[in-house]
Amino acid sequence: MQIGIPAESVAGETRVAATPETVKKLIAVGHTIVVERGAGVKASYIDSAFEQAGAKITDDAYQGSQIILKVRAPKAEEIQKISANTIVIGMFDPYRNPDLDAFAAQGVSAFALELLPRTLSRAQNMDVLSSQANLAGYKSVLLAANEYQRMFPMLMTAAGTVKPARIVIMGVGVAGLQAIATAKRLGAVVEATDLRPTAKEQVESLGAKWLDVPMSDEEKAKALGTGGYAWIPSEQYVQDQAVIVDKAVSNADIVITTALIPGRNAPRLIKAATVAKMKPGSVILDMAVETGGNVEGSVVGETVMTENGVKILGIPNIPATLATESSALYARNVFNFVSTLFDKEGNLQLNQEEEIQKALLVTHGGQVLLKRG
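Residues numbered from 1 in each chain as written. Predicted model: local features only at pLDDT ≥ 70, side-chain atom pairs only at ≥ 80, totals over all residues. Heavy atoms only, no water.

K.L.:
Pulling in residues and values, what's your account of the packing of helix α5 (residues 128-147) against helix α6 (residues 174-185)?
P.N.:
Axis angle and axis distance: for two packed helices, these are the angle between their axes and the distance between the axes, and together they describe the pair. α6 packs onto α5 with a crossing angle of 35 degrees between their chain directions and a minimal axis gap of 7 Å. Crossing of α5 over α6 shows right-handed handedness. Seen from α5, the contacting residues are Ser130, Ala133, Asn134, Gly137, Tyr138, Ser140, Val141 and Leu142; seen from α6, they are Val174, Ala175, Gln178, Ala179, Thr182, Ala183 and Arg185. The residue makeup of the contact of α5 with α6, split by class, is eight nonpolar, six polar and one charged. (Axes fitted to C-alpha atoms, helices over the stretch in contact; angles between N-to-C directions. Helix = DSSP H or I, 4+ residues; strand = E, 2+ residues; numbered from the N terminus. Left-handed = near helix turned anticlockwise from the far one by under 90°. Contact = heavy atoms within 4.5 Å. Nonpolar A, V, L, I, M, F, W, Y, C, P; charged D, E, K, R; others polar.)

Structural data, given as structure tokens:
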């Protein structure tokens, strides 16, 4: 089949959905690859590298392609370029995407990679959220460090002792764990918190301090029984956690928040009253700023300076600041998913009952399959 790799049209998106490495692999199993001219330049994958891998460079990667690979979903004006019965694979932000009806009307079979069932072991090599969050967690610490006017490690010098930076990581998923590891490598003192009590062991294994919230035996049993993800804490637990987090954040030099909820706005973790208690020169980086923000006062694409001298960084799409590496990992995730769509003879096998395809397929046969609202 012909697989098209268009350039990304979303402002600030520097990644590309295929690399010369994955192009070679796709060609090796019988596909023809067309890459839009300049599609990979911002990620340091130049046209000649794609040509050497066997791809054809074109001005329109949509034309004649039966499969389209994207990082971000095609925008409204691009949908009309897509032929009926075409498969489009990418990150669709499906619960917030206003164009799903248009994809359905165009007869597109759209696979939203964010919906991958992360509990399936065989799906781990397709997990774009994890691969991109890992890089984002790493880069978030560097971005915060760049704005912080002091050093991370403790230093003993002839001019006096330099105290280590105190960093609080809120949310200990993939991004949070990588942020902890990176901050520790840079010499900071790190504390971390998460709604899941089971994250404590992971946090401590990386050398960070767990911000412990007292729990009743009943709550602990419920939290452990669900792994924390489906656990609904009591009002008392929420209040106790707020007190502990408020104290830790107030004393922190840098805070990085990573909490996201699929299909919903990001939870508000830090209120303005807490920010007002922080020291001048402190830095907060809100990784959830694009979905409403974890921090009261954060603004997408802006650095907000508060009256008490705290910087709140609202940097969107952090993986795009590591475009070469994030594209490489994303492209491998995409290749692994594409491989599941074909049988051993190379025949396309769209199967709405297969658990991975069923979970990811959001439009097909002229209908929107995603349950919204």
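K.L.:
For the side chain of arginine 15, give the residues involved together with the corresponding values.
P.N.:
Summarising the element assignment, arginine 15 is placed in the loop between β1 (2-5) and α1 (20-28). Here the side chain of arginine 15 touches glutamate 13 through a polar contact of 2.8 Å, side chain to side chain. At a separation of 2.8 Å, a polar atom in the side chain of arginine 15 contacts the side chain of glutamine 132. When near neighbours in sequence (up to four residues on either side) are disregarded, arginine 15 contacts Glu8, Val71, Arg72, Met91, Gln132, Asn317, Pro319, Ala320, Ala323, Ser326 and Ser327. (Polar contact = N/O pair within 3.5 Å; in protein donor to acceptor, adjacent residues only side chain to side chain.)

K.L.:
Lay out the pattern of salt bridges in plain terms, naming residues and giving numbers.
P.N.:
In total, this model carries 16 salt bridges according to the counting rule given. Measuring nitrogen to oxygen at the nearest pair gives 3.8 Å for the salt bridge that ties lysine 209 to glutamate 191. Placement of lysine 209 in strand β11 (residues 209-210) and of glutamate 191 in strand β10 (residues 189-193) is noted, with a sequence separation of 18 residues between them. When its relative accessible area of 51% is taken as the criterion, lysine 209 is described as exposed. The structure contains a network of salt bridges with shared partners spanning Glu8, Lys70 and Glu78. (Salt bridge = Lys/Arg side-chain N within 4 Å of Asp/Glu carboxyl O. Buried < 20%, exposed > 50% of the residue type's maximum accessible area, 1.4 Å probe, protein only.)

K.L.:
I'd love a proper account of the environment of proline 262, names of residues and values included.
P.N.:
In this structure, proline 262 sits in the loop between β12 (254-257) and α10 (272-275). Along the chain, proline 262 and glutamate 114 lie 148 residues apart, while their C-alpha atoms are 8.8 Å from each other.

K.L.:
Which residues make up the sheet that holds strand β9 (residues 166-170), and what values do they have?
P.N.:
Taken together, seven strands build an open sheet; the order of strands is β11-β10-β9-β12-β13-β15-β14 and the sheet is mixed. Only two strands of the sheet have a single partner each, and these edge strands are β11 and β14 (303-305). Pairing analysis gives two bridges linking β10 to β11, with the strands arranged parallel. Within the sheet, the bridge partner assigned to alanine 192 lies in β11 and is tryptophan 210. Strands β9, β10 and β12 of the sheet are contacted by helix α9 (residues 235-250), whose axis makes an angle of about 145 degrees with β9. (Pairing = 2+ DSSP bridges.)

K.L.:
Give a description of a nonpolar patch on the surface that names residues and reports values.
P.N.:
Taken together, the side chains of Met1, Leu348 and Leu350 present a nonpolar region at the surface, about 210 Å² in accessible area. Here leucine 348 shows up in the loop between α11 (323-339) and α12 (355-360). With a relative accessible area of 33%, leucine 348 lands in the partly exposed category. (Patch = residues over 30% accessible without salt bridge, like charges linked within 9 Å, V, L, I, M, F, W, Y side chains within 5 Å. Areas by Shrake-Rupley, 256 points an atom, 1.4 Å probe, with all protein chains shown as cover.)

K.L.:
Give me α11: which residues, what numbers.
P.N.:
Helix length check: α11, at 17 residues, gives a terminal C-alpha distance of 24 Å against a target of 24 Å (1.5 Å per residue), a fit within 8%. When α11 is considered as a whole, its buried residues turn out to be Ala323, Ser326, Ser327, Ala328, Tyr330, Ala331, Asn333, Val334, Phe335, Phe337 and Val338. As for α11, its buried residues are in contact with α1, β4 (67-72), β5 (87-91), β6 (109-112), α5 and α12. (Expected span 1.5 Å × (residues − 1).)

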